[in-house]
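The primary structure of each chain is shown beneath.
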Amino acid sequence: MARLVESYARIPEGSPVRLAKRTSNLFRPRAASGVPGLDVSGLGGVVSVDPLARTADVQGMCTYEALVDVTLQHGLMPLVVPQLRTITLGGAVTGLGIESTSFRNGLPHESVLEMDVFTGAGEVVTARPDNEHADLFATFPNSYGSLGYATRLRIELEPIAPVVALRHVRFDDLGLLAKTVAEITETRTWEGEQVDGLDGVVFAPGEAYLTLARWAEADPGIRTSDYTGQQIYFQSVRQRETDVLSGYDYLWRWDTDWFWCSGAFGLHDPRVRRLWPRRWRRSDVYYRLVGLDARFGIMRRLDARAGRPERERVVQDIEVPVERLPEFLAWFDERVGMRPVWLCPLRLREPDGPGSARTWPSYPLRAGTTYVNVGFWGTVHVGPDASRGPTNRAVEEKVHQLGGHKSLYSEAFYDRETFDQLYDGHNLARVKQRYDPGSRLSTLYDKAVTSR
C-alpha cells in the first residue's frame, strides 16, 4: 500500500491515473500514455481465509487462479469463479464477471462484504453496504476503475465437492431451452437432481446444449476427465451425455482453450496441439498473441493479400431476459452468424430468500428476472466499414431493444445519452465527484467508448 500511495504521488498533476500492470483481459483499445502508472505489484495475494465464517480477505490484484489455489485447501470456492485464470478479483468486481454458478449466486460483486478502495483523490476508504461509503460500494461494480481501484475485498465463500458430475443435454428447440433455463433457475433441480452449475453452448441453429453440473463426492471407481491435454472440453459437450471432472478442473474447464478461441492458433489440430507446450495452453497466452496481431496487423495483411474483405472484431458478452433469448439468437444467426456461442444464465442473488435481491445502479439488472448471458468472440468480414463497427453497433441496438445490457470489457459504440440511460450516468457522475473531485481518473464513458 505504501508503494501504491508513493506511485500516485509521482504522477504529475493533470495526468491520467492508471494501473501499471502488464496483463489484462479487456478488449477495449486504450490511448497510449507515457505517464507512469500506479504500482500495484504488492497487491496480488490472499490475506486470509476464515473457513468457519466462509470468508476470505483478498487483495484486489489477486488472480482467481491464485485465490482458488488457497480456498480449495479448505474445500471452499468463491461464489462465482470467472472462467479465465488471470481475471483478478478486483477486476471482476469493478468490471463484472460471470460463470455457471451465476444462476443462483449472481455476479462476483454480490458476494463482496466490504472493500478498501484507492480513490481518484489518492485516499483509501473502506466501503460497506451500510457505512458512510455505501454510495461507492453500490456504484463500484461496472465502474471499470473510473471511481478507484479495489485494494482489498472481503468476500463470501461456499463449499465445493471434490468432483463435479456433468450432464450435457441437447436442445433442438431454443424456446424449450429457454423454458428449461427458467425452470432450473427457479427450482435449482432438473429431473429430480440438484443443479449447482448451469451454462450452455449453441453450436448451430437447431443444435444447442445445456450443461448441468452437480457437486459430487469422489468415487474411486470413476475416472475424471482431463481436458488440459489432447482432449478439448468444448468438443466433449456435443460428444458425451455425461462426464466427471475434478472440482479444480471444472472451474478452469474453459481456460485451456479460451473456450474455443484456441482454434485460431491451430490448437484444434492434434498435430499442432502435441507440439504446443501444455504450460502455454492458457487464456493469457492467447490474449498476448491477439495483442501482437493487433499491434502488427498480421491478419489484416493476410486478408488483403488473399483479397478477403476487412474484418471487424466482434468480441461481446451481452445479457437478455431469458424469454427473449430465442429472439436474440434467431436475429444473431441472420445478422452475425458467428458460432459457437456461450450461454450463461444469471439472476441477481437473493441471499435471504425470494425478494431479497439488491440492485446495482451502474449495471441495473431487474430483481426477480432471469437473464442469459450470450458470449461470442471472433471476427466477421464486413469490408471497408470495419473500423466503424457496424456489427457491434447492430448488436448493441438489438440488445437494447430486448431489454438487455452488454458488458463493457470490449469496444462500445453508444452515444452519450444512451450510455447514461443504460448505466445510470447521473449517479456515476455524482459518486465520481465525491471520490475523484480532481477528475484524475477517466470517466466510464471515456474508458468504454472513446478509448481514453
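Engineer: How would you sum up the pairing of strand 15 (residues 371–381)? Please name residues and give values.
Structural biologist: In terms of burial, strand 15 is a largely internal element, eight of the eleven residues being buried. As defined by bridge partners, strand 13 (residues 311–321) adjoins strand 15 across eleven bridges and the pair is classed as antiparallel. Its bridge partner being in strand 15, Asp317 is matched across the sheet by Gly375. With five bridges connecting them, strand 14 (residues 341–346) and strand 15 associate as antiparallel partners. Across the sheet, Trp342 pairs through a bridge with Gly375, a residue of strand 15.

Engineer: Run through the packing of helix 12 (residues 325–335) against helix 13 (residues 390–401), naming residues and quoting values.
Structural biologist: Two numbers describe how helix 12 lies on helix 13: the axes approach to 11 Å, and their chain directions differ by 160°. On the basis of the axis angle, helix 12 is roughly antiparallel to helix 13. Read as a crossing pair, helix 12 and helix 13 show a hand that is right-handed. Contacts between helix 12 and helix 13 involve Glu327, Phe328, Trp331 and Arg335 on the former and, on the latter, Pro390, Thr391, Ala394, Val395, Lys398 and Val399. Class assignment for the residues of the contact of helix 12 with helix 13 results in six nonpolar, one polar and three charged.

Engineer: Explain the packing of helix 6 (residues 174–187) against helix 12 residue by residue, including any values.
Structural biologist: Remark: helix 6 packs on helix 12, axes separated minimally by 9 Å, with the N-to-C direction vectors making an angle of 140°. Between helix 6 and helix 12, the angle is such that the two are oblique. Like other packed secondary-structure pairs, helix 6 and helix 12 cross with a definite hand, here right-handed. Where helix 6 approaches helix 12, its residues Leu174, Gly175, Leu177 and Ala178 are matched on the opposing element by Leu325, Pro326 and Leu329. The residue makeup of the contact of helix 6 with helix 12, split by class, is six nonpolar, one polar and no charged.

Engineer: Account for the pattern of salt bridges, with residues named and values stated.
Structural biologist: Should the charged atoms of two oppositely charged side chains come close, the side chains can pair. Applying the stated criterion across every chain yields a total of 34 salt bridges. The salt bridge partner of Arg170 is Asp172, with a shortest N-O separation of 2.9 Å. Residue class for Asp172 comes out exposed when judged on its relative accessible area of 55%. Look at the salt bridges and you will find they share partners, linking Asp57, Glu114, Asp116, Arg128, Arg152 and Arg154 into a network.

Engineer: Give me the side chain of Thr211: which residues, what numbers.
Structural biologist: Here Thr211 lies in strand 11 (residues 207–216). With a relative accessible area of 2%, Thr211 lands in the buried category. If we ignore the near neighbours within four places in the chain, the residues touching Thr211 are Leu166, Arg167, His168, Gly197, Leu198, Asp199, Gly200, Tyr233 and Val237.

Engineer: Any details on the sheet that holds strand 12 (residues 242–246)? Residues and values, ideally.
Structural biologist: Sheet strands pair via backbone hydrogen bonds, and the direction of the pair is either parallel or antiparallel. With antiparallel pairing, the eight strands of this open sheet are ordered in space as 12-7-11-10-14-15-13-16. Sheet topology places strand 12 and strand 16 (405–406) at the edges, where each strand pairs with a single neighbour. Across the sheet, helix 6 touches strand 7 (163–171), strand 10 (197–204), strand 11, strand 14 and strand 15, and the angle it forms with strand 11 is around 20°. Taken strand by strand, helix 13 contacts strand 13, strand 15 and strand 16, and its axis lies near 10° from that of strand 13.

Engineer: Mind laying out the packing of aromatic side chains, listing which residues take part and the relevant values?
Structural biologist: Taken as a whole, this structure holds 27 aromatic pairs when the rule is applied. Summarising the aromatic geometry, the rings of Phe332 and Phe376 are spaced 4.6 Å apart at their centres and angled 55° between planes, so their arrangement reads as tilted. Here the residue Phe332 occupies a position in helix 12, and Phe376 occupies one in strand 15, the gap between them amounting to 44 residues. Accessibility assignment for this pair places Phe332 and Phe376 in one class, buried. Here the aromatic cluster, defined as three or more aromatic residues joined through ring pairs, consists of Phe203, Tyr209, Tyr227, Tyr233, Phe234, Trp254, Phe259, Trp260, Trp342 and Trp377. The ring of Phe203 is capped by Arg238, whose NZ or CZ atom sits 4.2 Å from the centre of that ring.

Engineer: Let's hear about the environment of Gly375: which residues, and what values?
Structural biologist: With respect to the helices and strands, Gly375 occurs in strand 15. Linking Gly375 and Ile155, residues 220 residues apart in sequence, is a C-alpha distance of 26 Å.

Engineer: Before we move on, could you go through the nonpolar core and cite the residues and values that matter?
Structural biologist: The biggest cluster of nonpolar side chains holds 84 residues, and the ones touching the most others in it are Met115, Leu136, Trp260 and Phe419. The element that contributes the greatest number of residues to this core is strand 6 (residues 148–159), accounting for four residues. Filtering out sequence-adjacent residues up to four positions away, Phe419 remains in contact with Leu408, Tyr414, Leu444, Tyr445, Ala448 and Val449. Grouped together as the second largest cluster of nonpolar side chains are 36 residues, Phe103, Leu177, Val314 and Phe332 included.

Engineer: Outline the pairing of strand 1 (residues 46–50), supporting the account with residue identities and numerical values.
Structural biologist: One ladder, built from four bridges, connects strand 1 with strand 2 (residues 55–59); its direction is antiparallel. Across the sheet, residue Asp50 finds its bridge partner in strand 2, namely Thr55. Between strand 1 and strand 2, which follow one another and run antiparallel, lie four residues, and Arg54 among them has a positive phi close to 55°.

Engineer: Residues and numbers for helix 2 (residues 64–71), please.
Structural biologist: Tyr64, Glu65, Leu67, Val68 and Thr71 are the residues of helix 2 that are buried. Down the axis of helix 2, the buried set is contained in an arc of 160°. They therefore lie on one face.

Rules behind the numbers
Residues numbered from 1 in each chain as written. Predicted model: local features only at pLDDT ≥ 70, side-chain atom pairs only at ≥ 80, totals over all residues. Heavy atoms only, no water. Buried < 20%, exposed > 50% of the residue type's maximum accessible area, 1.4 Å probe, protein only. Helix = DSSP H or I, 4+ residues; strand = E, 2+ residues; numbered from the N terminus. Pairing = 2+ DSSP bridges. Axes fitted to C-alpha atoms, helices over the stretch in contact; angles between N-to-C directions. Parallel < 35°, antiparallel > 145°, perpendicular 65-115°, else oblique. Left-handed = near helix turned anticlockwise from the far one by under 90°. Contact = heavy atoms within 4.5 Å. Nonpolar A, V, L, I, M, F, W, Y, C, P; charged D, E, K, R; others polar. Salt bridge = Lys/Arg side-chain N within 4 Å of Asp/Glu carboxyl O. Phe/Tyr/Trp six-rings, centres within 6.5 Å; stacked < 30°, edge-to-face > 60°. Lys NZ or Arg CZ within 6 Å of the ring centre and 35° of its normal. Core = buried A, V, L, I, M, F, W, Y, C linked by side-chain atoms within 4.5 Å. Arc of directions from axis to C-beta.

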